[in-house]
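# Topology and contacts: notes
For reference, the chains in residue letters:
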Amino acid sequence: MYLHLGQDTIVMTDRILGVFDLDNTTVSKHTRDYLGRAQREGRVIDVTYELPKSFIVCENDGIEKIYLSQMSPATLLRRVREDTVG
């Protein structure tokens, strides 16, 4: 199953490690350091032209990628649930 993250970006749901609210989680220095390191390593993919609301951590063949999305975590979760039920 796939999840649309915004713009023209979709990911397979079985590759998702976590979906996080950007405002709530970046209060932590550990999260800011994690995102900063991923950005420097070129593992952050911005899929929005707007202010991002969430970040999605995915793993594919041992490589972590972080997607920044304008979708809220609640919206992304609802999409996954709708696809699972429907």
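If you're wondering where the values come from, they're calculated on a predicted model, not measured in any experiment. (Residues numbered from 1 in each chain as written. Predicted model: local features only at pLDDT ≥ 70, side-chain atom pairs only at ≥ 80, totals over all residues. Heavy atoms only, no water.)

## Concerning the pairing of strand S1 (residues 2–6)
Test applied: Paired strands, as defined in this entry, are two strands with at least two bridges between them according to DSSP. Numbering of helices and strands starts at the N terminus; helices are DSSP runs of H or I of at least 4 residues and strands are runs of E of at least 2.
By the bridge criterion, four bridges tie S1 to strand S2 (residues 9–12) in an arrangement that is antiparallel. When the bridges of S2 are listed, glycine 6 appears paired with threonine 9. Linkage of S1 to S2, two consecutive antiparallel strands, is achieved through a turn of two residues, within which glutamine 7 is found at a positive phi near 50°.

## Brief notes about the sheet that holds strand S6 (residues 63–69)
Within a sheet, each strand pairs with its neighbour through backbone hydrogen bonds, oriented either parallel or antiparallel. Convention followed: Between N-to-C directions, angles span 0 to 180 degrees; the directions come from axes that are lines fitted to C-alpha atoms, helices contributing only their stretch in contact. Every residue pair with non-hydrogen atoms within 4.5 Å of one another is taken to be in contact.
With mixed pairing, the four strands of this open sheet are ordered in space as S3-S5-S6-S4. Bordering the open sheet on either side are strand S3 (16–21) and strand S4 (44–46), each of which pairs with just one other strand. Pairwise comparison of adjacent strand axes, ignoring direction, gives a mean angle of 20° for this sheet. Sheet topology note: the strand S5 (residues 54–60)/S6 ladder contains seven bridges and is antiparallel. Within S6, the residue paired with serine 54 across the bridge is serine 69. Where helix H2 (residues 29–40) meets the sheet, its contacts fall on S4, S5 and S6, and the angle it forms with S6 comes to roughly 105°.

## Some details on the environment of asparagine 24
Position of asparagine 24 relative to the elements: it lies in helix H1 (residues 22–25). C-alpha of asparagine 24 to C-alpha of methionine 71: the two residues are 47 residues apart in sequence and 14 Å apart in space.

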